[in-house]
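Here is how the chains run, residue by residue.
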2 protein chains.
Amino acid sequence: MVLHIVHPEKREVKMERAEWGYFTVELTDAVPGMRYLYIPDGEGSFPDPASHHQPEGVHGPSEVIDHCTHTWRDTKWRNLPLQDLVLYELHVGTFTPEGTFESVIPKLSELTEIGINALEIMPVAQFPGNRNWGYDGVFPYAVQNSYGGPSGLKKLVDACHAKGIAVYLDVVYNHLGPEGNYFGKFGPYFTDTCSTPWGDAINFDGPHADGVREYYSNNPLYWLEHYHLDGLRLDAIHTIHDSSAVSFWELMQNKIQSFTEQAGKPFYLIAESDLNDPKVVKRPEAGGFGFSAQWLDDFHHSLYVLLDKKGKSRYEDFGKMEQLAKAYTDGFVHSGEYVSFRKKKFGRSSASVPGNHFVNFVQNHDQVGNRVRGERLSVLVGHEGLKLAAAATLLAPYIPMLFMGEEYGEDAPFLYFVSHSDEKLIKAVQEGRKKEFAHYKTEGTFPDPQAEESFEKSKLQWQKRKQPKYQQLLKWHQKLIQLRRSLPALHNFNKVDLQAQPLGQEGLVLIR
Amino acid sequence: MVLHIVHPEKREVKMERAEWGYFTVELTDAVPGMRYLYIPDGEGSFPDPASHHQPEGVHGPSEVIDHCTHTWRDTKWRNLPLQDLVLYELHVGTFTPEGTFESVIPKLSELTEIGINALEIMPVAQFPGNRNWGYDGVFPYAVQNSYGGPSGLKKLVDACHAKGIAVYLDVVYNHLGPEGNYFGKFGPYFTDTCSTPWGDAINFDGPHADGVREYYSNNPLYWLEHYHLDGLRLDAIHTIHDSSAVSFWELMQNKIQSFTEQAGKPFYLIAESDLNDPKVVKRPEAGGFGFSAQWLDDFHHSLYVLLDKKGKSRYEDFGKMEQLAKAYTDGFVHSGEYVSFRKKKFGRSSASVPGNHFVNFVQNHDQVGNRVRGERLSVLVGHEGLKLAAAATLLAPYIPMLFMGEEYGEDAPFLYFVSHSDEKLIKAVQEGRKKEFAHYKTEGTFPDPQAEESFEKSKLQWQKRKQPKYQQLLKWHQKLIQLRRSLPALHNFNKVDLQAQPLGQEGLVLIR
């Protein structure tokens, strides 16, 4: 293994073989801003899998970062209790016209005004090009260059904390993106005993998995220590396969616990899980995965299909008022019954799980963006429907999350967009996307994920926020959040104190 | 789907499509002994995946069995408590010269005389040909024809119960054998999202898995109801992948519980697990798999390598007296440390798991048979070594298991043998076996798994039992088992009351 320095001056340094397959070298003249690659086997230079910054993108050199250069002003910040949050899912590239971390800062007051007190930032790990939802990231320790890199994110987090906003980051530990993925050159990061829908599965329990487990289990500590983040949202945890007696989750959470005990403030992990299994939020001692909370997709599905009858074609197993009632009283709507979409019996009851272990929403990047035309709820249901959706979500016994723009009824789409450089891959994404949606028989042209237009169209249109129609919805959200905060009954997460009574298929009485 | 009756007279009957992909037909003239196949798609007749008997082998027709024809004499039998057992692993084909269930019966007194009170019969699900360990079985509900089929097994179980012997059966739910495996013609039994070392993984959690889960979870009830078995040993449970919120284990065990509550006698499940994870024997409420006990391979490895220094080449991570001490005090020797063989950190402490959740042994079909020449311990260590091994095993705080012949120091090998009919498969098994053992640099000819000789050589030589050398060991086992039964300290499974103190690398003091 050779260290290949490319900036400020070119140089190659042979590295020493250390234990466990690692290589090391100590440089006395390394400086922040130095750019480097590795030459693993004499052929080809590749960026550092643990790179902290990829200033020239996924194919370019890694940069040495000095994390001490940012002077943090948030020394008094002690995080917010998870159950007090109103989360706001934010995609940096499309939140502002500039699409950068710093450009978010001037907008924060507009969010706090309506009561939002936590950002959940869609993945910022370096991805190919400058247009991506973030799930094609390939450097889980590097912050997207086009968003403003490490210093940009730090400024944003610091500004959030100054305004009383907690910051959660969406991280992807289940796969790496298809472009700029040089991990296979360095070690046994992948396994072929299982697969994910998005690429090779990560080797969490096979031979030589210890290094991989270290690599990923240290990642939360990195965000906590160097970026002062308050929590993470872990993408699709059900696609992480691990039969180890000490699971990756337990390993990771033990590390976080040691760290937070020292730091004196909590750090929360929210899972995206497609298991409908209460064990995700149970403690490891009780055989659980130990997450603080998990996304409650069933709440979205049951509420959305009632609001938009056409939604039935996307969520065939939903559409009954009793299901929405169950989403309130139990959590998981599918708790063991046969589910057509899955072609099997699915799930387990979460009736005994307190509501503060679930994050609920009626929109998110997936539910909006994974439609051919990326339609938000605002173009699918009328104004009264939006108001109902907001109330149903914000007055539920869960931790609510809004998708950026939802608070004023943004009607720009949130399309699927990428900016790959490999022609074959671009074609594959375009075709794959069409195939995925083939059964919806889309009319007209199919939006091109690779087109810059798809990205531009997906940006929030800030001028709308001041227009009466949108203002009305904004105030509505503000009022609901205020009610949620001020009425003790509305921040009671104990399900036993809640009743949800369907009025036929047209109404529901929610008593809290 | 067409029912294709081939005996006593040929006839085809169209079946009705029922719910969930099943087909049904009711015949008023069906009789025991009727033989049939199914024609799933107009082309080819195949035996019934749920066949109760394959009188002509894996490729032939299935036979209708009337389970009421056997008059059970064991009406007063109430099983034995698992922790009181001395298990005896028995391969029907090589236990007697005849290799049948019925031929085992006259030998039972010889086993009870030395204190054995439970058989663990290696798999009898119909396999190809008449020579097989049983792990290539393809009809989990059919009893091997060459062993004597359903009636033979019933007679054996009845005879065992009359003699106070409990009967456990080894069952394989993780894969189906390569020959005579027509399951793919009938339904989604397999999945390609995971794999096993022996063939396609069974579909326990994918689309249409419910039928597969029913098929396998009803299997224990079948053995319990129709064969009066007392428990099962489940093969390699770590190769069963299931991410369902209600696991296959829980589903299966709930069914067993309902059944045994009615039946008024317990039924035990013993797992073979390569996870070194105490959750295998924890209750489902605590996030466990709920098995009554599991095999403790680490006990074998640590004891064997101390008895036979050459064993180090097979079990590279063992060989220290402290490991044997840990096998006594804790159970799992590998409880989180790095294990060279696995190339990763492995396992979790089982120190808090009471000893009656583990089955220990110093020989079994795998540890003996998965050597090129199938050498038993009796040809690897001297007479005194065998006595030590027996004492170390039988006086441990675990449920002991002997491998047939071990009680008198049988020195015939237990080789790997098959009797496939497909030439390609025979070649593949022969080559695969050679490849598997390539790193042991075997000298001389490599035993041919397909050769009848490999099977014949593996049979117990009953005349030895009466010879002085063997008699001495037999009496030794008898005495040890008697001590185990009579001294309360020796059937105390509480680890807290046990001490194991190494005397350097040459000795160990076990205090119970």
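Residues numbered from 1 in each chain as written. Chains lettered and ligands numbered in written order. Predicted model: local features only at pLDDT ≥ 70, side-chain atom pairs only at ≥ 80, totals over all residues. Heavy atoms only, no water.

(A) Region of the structure containing the interface of chain A and chain B. Counting residues at the interface gives 27 residues for chain A, matched by 27 residues for chain B. Approximately 2200 Å² of surface area, both sides summed, lies buried where chain A meets chain B, with 48% of it carried by carbon and sulfur atoms. Three residues stand out in chain A for area buried against chain B, namely Asp210, Ala245 and Arg348 of chain A, and they jointly supply 24% of the buried area on that side. On the surface where chain A and chain B come into contact, there are 2 salt bridges. (Contact = heavy atoms within 4.5 Å. Buried area = accessible area lost by both parts, 1.4 Å probe. Salt bridge = Lys/Arg side-chain N within 4 Å of Asp/Glu carboxyl O.)

(B) Just the pairing of strand β12 (residues 190-196) of chain A, in detail. Residues and elements named next belong to chain A. By the bridge criterion, 4 bridges tie β12 to strand β13 (residues 199-202) in an arrangement that is antiparallel. Each bridged residue has a counterpart across the sheet, and for threonine 196 the counterpart in β13 is glycine 199. Where β12 hands over to β13, the hairpin turn is made up of 2 residues, counted between the paired strands. (Pairing = 2+ DSSP bridges. Helix = DSSP H or I, 4+ residues; strand = E, 2+ residues; numbered from the N terminus.)

(C) A look at the packing of aromatic side chains. Residue and element names in this part refer to chain A. Going through the model one piece at a time under the given rule, you end up with 76 aromatic pairs over all chains. Summarising the aromatic geometry, the rings of phenylalanine 204 and tyrosine 216 are spaced 5.6 Å apart at their centres and angled 50 degrees between planes, so their arrangement reads as tilted. Here the residue phenylalanine 204 occupies a position in the loop between β13 and α5 (209-217), and tyrosine 216 occupies one in helix α5, the gap between them amounting to 12 residues. Per residue, the accessibility class of phenylalanine 204 equals that of tyrosine 216, and both read buried. Directly above the aromatic system of tyrosine 227 lies the positively charged group of lysine 154, at a separation of 5.2 Å from the ring centroid. (Phe/Tyr/Trp six-rings, centres within 6.5 Å; stacked < 30°, edge-to-face > 60°. Buried < 20%, exposed > 50% of the residue type's maximum accessible area, 1.4 Å probe, protein only. Lys NZ or Arg CZ within 6 Å of the ring centre and 35° of its normal.)

(D) Molecular detail of the relation of the copies chain A and chain B. Expressed as a screw operation, the relation of chain A to chain B combines 0.0 Å of axial shift with a rotation of 180 degrees, fitting to an RMSD of 0.0 Å. Taken together, the rotation angle and the small translation identify this as a two-fold axis. Residues of chain A ranked by C-alpha distance from the rotation axis are headed by glycine 287 of chain A, positioned 2.0 Å from it. The fraction of interface residues of chain A whose copies in chain B are also interface residues reaches 100%, indicating that both copies meet through the same surface. (Least-squares fit on C-alpha atoms with pLDDT ≥ 70 in both.)

(E) Examining the sheet that holds strand β15 (residues 268-271) of chain A more closely. In space, the 8 strands of this closed barrel follow the order β7-β8-β11-β14-β15-β16-β19-β20 (chain A), with parallel pairing throughout. Strand-to-strand twist of the sheet, defined as the mean angle between neighbouring strand axes without regard to direction, takes the value 30 degrees. (Axes fitted to C-alpha atoms, helices over the stretch in contact; angles between N-to-C directions.)

(F) Broad picture of the packing of helix α11 (residues 383-394) of chain A against helix α14 (residues 468-486) of chain A. Residues and elements named next belong to chain A. As a packed pair, α11 and α14 sit with axes 10 Å apart at the nearest point and diverge in direction by 20 degrees. For the element pair α11 / α14, the angle class is roughly parallel. Like other packed secondary-structure pairs, α11 and α14 cross with a definite hand, here right-handed. Only Lys469, Gln472, Leu473, Trp476, His477, Leu480, Ile481 and Arg484 of α14 make contact with α11, whose side of the interface consists of His383, Leu386, Lys387, Ala390, Ala391 and Leu394. Taken together, the residues of the contact of α11 with α14 sort by class into 8 nonpolar, 3 polar and 3 charged. (Parallel < 35°, antiparallel > 145°, perpendicular 65-115°, else oblique. Left-handed = near helix turned anticlockwise from the far one by under 90°. Nonpolar A, V, L, I, M, F, W, Y, C, P; charged D, E, K, R; others polar.)

Nothing here speaks to function; it is geometry throughout.
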